[in-house]
Amino acid sequence: MRSVKRLSVLCIIAGAGVGLGPVEAAAPVKQVVTGPVARYWVDTATTSGMSLGGGKPSMSSIMGMMGGGDNVHHSLYLRLGSSQAASGAAAADHLPPAGLGAGSDLPLRYTPGTPVKRDYAPGETTDHETPKGKILIFWGCGAHAPAGQPLVIDLAKIADPAQRQTMALSMFKPIALDAVHPPSPTTAKTYGEWPNSQSAKDVKGSLAGAHTVKGNYSPQIDFTLSQAQDFMDPIDVTGNATDATGATRLTWTAIPGAKGIVATAMGGGQQNGETVMVMWTSAQVQTGWMGMAPDYLTPNDIDRLLGNKALLPGETTTCTVPAEVGQNVQGAIYGITAYGGEANFSYPPRPADPKTPWNIAWETKVRYKTSTGGMLGQDMAGMMGGNQGDDSAPAGDKKKKKKGFGLGDMLKAGAGIP
């Protein structure tokens with residue numbers, strides 16, 4: 001009798017299973033996300049020495065080096081974009097912590113300006129004259145360049161400027177970076193920035209503390225930066241010596257907060273009456289930023305570029321510029337840039353319940369970098385046209401002393417002019 005009951009129960013269960021079919025898990029609820037209404041980007045930079053900082057060395061950095069001292073500068077670039085129209089004339093203000101030393105208010109304003117004059121690529125002329133000269137491309141840290149270097153672009157063999165640019169890009173092999181879209185007057189209904197034509201001032205203090213951004217076209221933005229989210233420290237270069245072969249060993253102290261580092265050098269000279277321009281980077285792979293570091297990198301970029309050895313690890317403190325670089329120039333500018341990643345904030349906090357919509361009022365992104373630079377293998381005396389090398393060497397020892405690279409040559413090299 002018991003066996004009959006058991007059989008009946010099993011049949012009922014089996015029958016129910018056949019009728020219902022497999023049980024499927026409920027699809028996860030996709031949270032509705034709107035906004036942000038306003039996006040705010042804060043770009044921070046620390047520069048020292050004759051910093052390239054992603055571009056040409058500034059006249060202030062050059063004069064600062066000549067005047068002595070540590071020549072350390074902090075800079076901010078603030079951009080606010082909103083999907084809302086302003087109630088009246090657009091006006092917004094960043095109220096920084098007192099420790100920044102920039103006053104109580106940084107006004108965010110925007111006035112449409114004139115188009116920026118186009119810069120010409122190295123070797124490109126404003127007329128139809130075919131340029132002469134060569135660009136030599138090196139990469140990687142080490143006493144000597146590996147076999148297969150340098151890559152050479154012979155400008156005299158390429159008459160068309162567009163062909164020269166195409167060839168240069170194909171040889172540089174640009175590394176794909178994340179597409180970033182900071183607030184801009186073309187993507188936002190209302191936009192403001194600082195510094196601007198109405199307000200610009202030195203920033204000498206600390207970012208740590210409470211920040212407020214308020215105006216008539218965006219929600220009020222409030223965020224606080226910790227001491228660890230302050231400006232990055234300046235890069236302290238402790239060694240910049242060139243040996244008898246022409247190799248230069250750059251050394252610097254550890255950089256707190258650095259996630260990835262790139263060193264670059266760019267210079268020019270004459271060989272057999274022909275102009276030669278040399279570009280080098282510390283990347284162990286051929287990259288598209290020869291002679292100049294990228295402006296900012298996303299955390300994803302940094303991780304990927306560390307993986308393929310296009311960036312030096314953040315804890316790196318030395319890199320040797322190959323002798324072949326020094327052997328092909330009369331003088332070169334070096335640059336070292338360290339990237340510190342980002343700090344991101346948003347309001348309101350994301351609801352834990354996915355069924356509750358997340359209506360973002362604002363997002364803030366703070367980006368970090370620090371950079372320095374100078375004349376490769378030369379101190380201040382060398383920059384002013386003095387001799388560089390072992391001061392104890394006899395005056396006639398040309399292997400240990402070489403002709404200095406004057407100020408005029410330094411400015412040309414910084415502008416990318418051989």
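A. Representation of the overall build of the protein within the structure. Tallying secondary structure elements over the protein gives seven helices and 21 strands in all. Here the protein holds 418 residues, and 43% of them are scored as buried. Accessible surface, the protein: about 21600 Å² in total, of which carbon and sulfur atoms supply 56%.

B. A look at the state of the cysteines. For the structure shown, the criterion picks out one disulfide. For Cys141, the disulfide goes to Cys319, at an S-S distance of 2.0 Å. For the disulfide bridge between Cys141 and Cys319, the dihedral angle about the S-S bond is near -100°, and by the sign convention the bridge is left-handed. In this pair, Cys141 is assigned in the loop between strand 6 (134-139) and strand 7 (151-154) and Cys319 in strand 16 (residues 318-321), connecting sequence segments 178 residues apart. Assessed through its relative accessible area of 2%, Cys319 is described here as buried.

C. Summary view of the nonpolar core. By size, the foremost hydrophobic cluster in this structure holds 50 residues, and its most contacted members are Tyr40, Leu76 and Leu80. The element contributing the most residues to this core is strand 17 (residues 331-347), with five residues. With sequence-adjacent residues up to four places away left out, Tyr40 is seen in contact with Leu78, Arg79, Leu80, His94, Leu108, Val213, Ile221, Phe223, Glu363, Thr364 and Lys365. In terms of nonpolar packing, the next biggest core, distinct from the first, is built from ten residues, Val262, Ala283, Leu305 and Tyr339 among them.

D. Region of interest: the pattern of salt bridges. By the definition in use, this model includes eight salt bridges. Here Arg367 ties to Asp43 by a salt bridge, and the two come within 2.7 Å at their closest N and O atoms. Of this pair, Arg367 sits in strand 19 (residues 362-375) while Asp43 sits in strand 2 (residues 38-49); the two residues are 324 residues apart in sequence, bridging distant segments of the chain. Since its relative accessible area comes to 4%, Asp43 is described here as buried. For Arg304, the salt bridge is made with Asp178, and the minimal N-O distance between the two is 3.7 Å. With Arg304 in helix 4 (residues 299-307) and Asp178 in the loop between helix 3 (161-172) and strand 8 (190-194), the pair connects residues that are 126 residues apart, well separated along the chain. One connected set of salt bridges, linked through shared partners, spans Asp43, Arg79 and Arg367.

E. The sheet that holds strand 16, seen in detail. Pairing is antiparallel in the open sheet, where three strands are placed in the order 11-12-16. Only two strands of the sheet have a single neighbouring strand rather than two, namely strand 11 (237-242) and strand 16. Between one strand and the next, the sheet's axes are offset by a mean angle of 10°, whatever the strand orientation. Two elements, strand 11 and strand 12 (residues 248-252), share five bridges in a ladder whose sense is antiparallel. Across the sheet, Val237 pairs through a bridge with Trp252, a residue of strand 12.

F. Representation of the pairing of strand 13 (residues 260-271) within the structure. The buried fraction of strand 13 amounts to ten of the twelve residues, a majority that puts the element mostly inside the structure. With two bridges joining them, strand 13 and strand 15 (residues 312-313) adopt antiparallel strand pairing. The residue bridging Ile261 from the neighbouring strand is Leu312, located in strand 15. Pairing analysis gives nine bridges linking strand 13 to strand 17, with the strands arranged antiparallel. Pairing of Ile261 across the sheet is with Ala338, part of strand 17. Summarising the sheet, strand 13 and strand 14 (residues 274-281) pair through eight bridges and their orientation is antiparallel. Directly across from Gly268, in strand 14, lies its bridge partner Met277. Between strand 13 and the antiparallel strand that follows it, strand 14, lie two residues; Asn272 among them carries a positive phi value of about 55°.

G. Main features of the sheet that holds strand 5 (residues 106-108). One open sheet accounts for four strands, arranged 5-4-9-10; its pairing is antiparallel. One side of each edge strand has no neighbouring strand; the edge strands of this open sheet are strand 5 and strand 10 (221-225). In this sheet, neighbouring strand axes are inclined to one another by 20° on average, regardless of whether the strands run parallel or antiparallel. One ladder, built from five bridges, connects strand 9 (residues 209-215) with strand 10; its direction is antiparallel. In the sheet register, Thr212 faces strand 10, and the bridge partner there is Asp222.

H. Main features of the pairing of strand 3 (residues 73-82). With ten bridges connecting them, strand 2 and strand 3 associate as antiparallel partners. Along strand 3, the bridge assignment pairs Trp41 with Arg79. The sheet contact formed by strand 3 and strand 8 spans five bridges and is antiparallel. The residue of strand 8 that forms the bridge with Leu78 is Trp194.

I. The arrangement of the environment of Ile137 in detail. Mapped onto the elements, Ile137 comes out in strand 6. Separated by 16 residues in sequence, Ile137 and Ile153 place their C-alpha atoms 8.3 Å apart.

J. Molecular detail of the side chain of Ser282. Positionally, Ser282 belongs in the loop between strand 14 and helix 4. Judged by relative accessible area, which is 1%, Ser282 ranks as buried.

Definitions and limits used
- Residues numbered from 1 in each chain as written.
- Predicted model: local features only at pLDDT ≥ 70, side-chain atom pairs only at ≥ 80, totals over all residues.
- Heavy atoms only, no water.
- Helix = DSSP H or I, 4+ residues; strand = E, 2+ residues; numbered from the N terminus.
- Buried < 20%, exposed > 50% of the residue type's maximum accessible area, 1.4 Å probe, protein only.
- Areas by Shrake-Rupley, 256 points an atom, 1.4 Å probe, with all protein chains shown as cover.
- Disulfide = S-S within 2.5 Å.
- Core = buried A, V, L, I, M, F, W, Y, C linked by side-chain atoms within 4.5 Å.
- Contact = heavy atoms within 4.5 Å.
- Salt bridge = Lys/Arg side-chain N within 4 Å of Asp/Glu carboxyl O.
- Pairing = 2+ DSSP bridges.
- Axes fitted to C-alpha atoms, helices over the stretch in contact; angles between N-to-C directions.

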